[in-house]
Amino acid sequence: MSNQIWIMTSAFDQLTLDQTITKAGEAGVQGLDVCVFRKDGTRDDFVATHMDYGNFGPEQAKSILDKFNAAKLRLSIGAFDNLIGGDPEQKVKNQNHLLQLIRMAHLLGGDENGVMVGTFVGYNHDLGIQENGFEKNLEEYQRIFKPIVDYAEGLGVTVLYENCPMEGWRSSGYSSTFNNLTGVLAARKIMYELIPSKAHGEIYDPSHDVWQHTDPVEVIRNTDMSRLKRIHVKSTRNIPDPFWGNMYPMQRIKPEWAEKAGIPFSTNEWDRHHYEATLPGFGLGDHMDWRAFVKVLKEKGFSGPFEIENEAKLSKQTGNMAAIMQGCKAAVQNLAPLLYPLGEAGYGYPVDEIMPLKDLGRKDIPVMTMEALR
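These lines cover the structure that appears in this document, whether it is placed above or below.

About the criteria used
- What you see as residue numbers is a count from 1 along each chain, following the sequence as written.
- At least 70 in pLDDT is required for a residue's local features to be given in this predicted model, at least 80 for side-chain atom pairs to be given and counted, and no such filter applies to totals for whole chains, interfaces and linings, which use all residues.
- Computation of side-chain values: all heavy atoms of the structure, hydrogens and water removed.
- A run of DSSP states H or I qualifies as a helix once it reaches four residues; a run of E qualifies as a strand once it reaches two. Both are numbered from the N-terminal end.
- For a compact globule the rule gives 2.2 Å times the number of residues to the power 0.38, and the radius of gyration it is set against comes from C-alpha atoms.
- Burial classification: accessible surface area is computed with a 1.4 Å probe over protein chains only, and a residue below 20% of its type maximum counts as buried, one above 50% as exposed, and the rest as partly exposed.
- We call two residues in contact when some of their heavy atoms are within 4.5 Å.
- Stacked, tilted and edge-to-face are the three classes assigned to paired rings of Phe, Tyr and Trp, where Trp is represented by its six-membered ring and a pair needs centres within 6.5 Å; plane angles under 30 degrees give stacked, over 60 edge-to-face, the rest tilted.
- Take the number of residues in a helix, subtract one, and multiply by 1.5 Å to get its expected span.
- To get the bend at a given residue, fit one axis to the seven residues ending there, fit another to the seven starting there, and take the angle between those axes.
- As used in this record, nonpolar core signifies buried Ala, Val, Leu, Ile, Met, Phe, Trp, Tyr and Cys residues forming a set joined through side-chain atoms within 4.5 Å.
- Just to be clear on terms, a salt bridge is a Lys or Arg side-chain nitrogen sitting within 4 Å of an Asp or Glu carboxyl oxygen.

### Quick word on the overall build of the protein
Helix and strand counts for the protein come out as twelve helices and twelve strands. For 374 residues, the compact-globule estimate of 2.2 N^0.38 gives 21 Å, and the C-alpha radius of gyration of the protein, at 20 Å, lies within 12% of that figure. Projecting the C-alpha coordinates of the protein onto the three principal axes gives extents of approximately 65 × 55 × 40 Å. Across the 374 residues in the protein, those meeting the buried criterion constitute 55%. Partitioning the contacts of the protein with sequence separation of at least 6, the portion at a separation of at least 24 is 78%.

### So, the packing of aromatic side chains
Each aromatic ring pair is characterised by the separation of its centres together with the angle its planes make. The full count for this structure, using the stated rule, is 13 aromatic pairs. Between Phe37 and Phe80, the ring centres sit 6.1 Å apart and the planes meet at 45°, which makes this aromatic pair tilted. You can see Phe37 sitting in the loop between β2 (31-35) and α2 (58-70) and its partner Phe80 sitting in the loop between β3 (74-78) and α3 (88-107), a full 43 residues away along the chain. Assigned by exposure class, Phe37 and Phe80 land together as buried.

### Quick notes on helix α5 (residues 133-154)
Taking 1.5 Å of rise per residue, 22 residues should cover 32 Å, and α5 covers 32 Å from first to last C-alpha, within 8% of that figure. Phe145 marks the point of greatest bend in α5, at about 40°, and the proline Pro147 comes within the next four residues. Turning to α5, its buried residues number three or more, namely Gly133, Asn137, Leu138, Glu140, Tyr141, Ile144, Phe145, Pro147, Ile148, Val149, Tyr151 and Ala152. Two residues or fewer past α5, Gly156 is found with a positive phi of approximately 70°.

### Structural notes on the nonpolar core
Generally speaking, a soluble globular protein has its nonpolar side chains buried in company with each other. Grouped together as the largest cluster of nonpolar side chains are 105 residues, with contacts concentrated most on Met51, Phe68, Leu75, Ile77, Ile102 and Phe145. With ten residues, helix α11 (residues 321-339) is the single largest residue contributor to this core. Setting aside chain neighbours within four positions, we find Ile102 in contact with Val117, Ile148, Tyr151, Ala152, Leu155, Val157 and Val159.

### Looking at unusual backbone geometry
As a rule of thumb, non-glycine residues mostly have phi less than zero, and peptide bonds are mostly trans rather than cis. With phi around 55°, Lys72 is a residue other than glycine that occupies positive phi space. Mapped onto the secondary structure, Lys72 falls in the loop between α2 and β3. Of the residues examined, Lys72 reaches a relative accessible area of 53% and is grouped as exposed. Despite not being glycine, Asn132 shows a phi value in the positive range, around 60°. The exposure class assigned to Asn132 is partly exposed, which follows from its relative accessible area of 47%.

### What to know about the pattern of salt bridges
Across all of its chains, the model carries 19 salt bridges by this definition. Across the salt bridge formed by Asp45 and Arg43, the nearest N and O atoms sit 3.1 Å from each other. Classification of Arg43 by relative accessible area gives buried; the value is 14%. The shortest N-O distance in the salt bridge between Lys234 and Asp205 comes to 2.4 Å. Placement of the pair is Lys234 in the loop between β7 (228-233) and β8 (235-238) and Asp205 in the loop between β6 (200-204) and α7 (206-210), with a sequence separation of 29 residues. A relative accessible area of 0% means that Asp205 is categorised as buried.

Right, here's the structure in full:
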């Protein structure tokens, strides 16, 4: 089976799900990773809510399956927030929201339909500032996620962690920009030992390792491929900096100091590291060898989808829908000769391999909460 190309729907936050499905057809992709963020959440960057999680049952699930089958698209769902740290009230809301998404995925067919649930883990800085803080975060992860993963496993659903460090997720007055436990492969390896269940795995985004000067090819060579379910298509153009270096984040200092010294400084939470978000094949080149990356994935037997996560400065960040679509289409065309055989119509996904989502007639189950789960 050929790898499919999907789009993460955060690129279309200003559109409805129906409009986004239409855009997916225009881009020539085979699936959507549907963002279902909390409407009352604290994030305001690259988020979208394309399903009504507050009113979701078997009827809504059947409608979604019919809608996606009519468009010949596959799907997953997800929301990406801090589940082990930050404001205590928001943390519990994020945990309960993940449980809601697991229920939704189950009603949509779960693993039998390839409907998985994407999430972050987050980071607890109250623990992190202590000695052995990273180890304590892993223990906190185990405490919180063990019942969540067990719940997902019981419903036939796989939870997937994305590896963004969320480098802008706290005030730039702090020195550290590591805000998501799954941001390094070492943590992910340990997490699977702490919770051995097969009901959790990962979405790997190579762009986050590129700006950390880590080779994504080597990350894949050391990844447990049974855990790798999705690849995010996003890249990075690194920008050398002689003042702060490229290992540690740029710090916030008094503007008058920076002006007198003639140096750049952090002006907001996301202005910390020296890179520009890009899409392969669109505008500026990037600092990643996509051919080598896809080659090692094929050698290791990766069969999952490549999901375009459009956060590119020249595309999504313009706010211009035409530019957003140009970026998505360019990424599809850039990947096509790496993924697909050459045919009379050029390089393209084999149409006969598109399998419809199955209507499994799942019966309703109650909404679960962390309080009830424990």
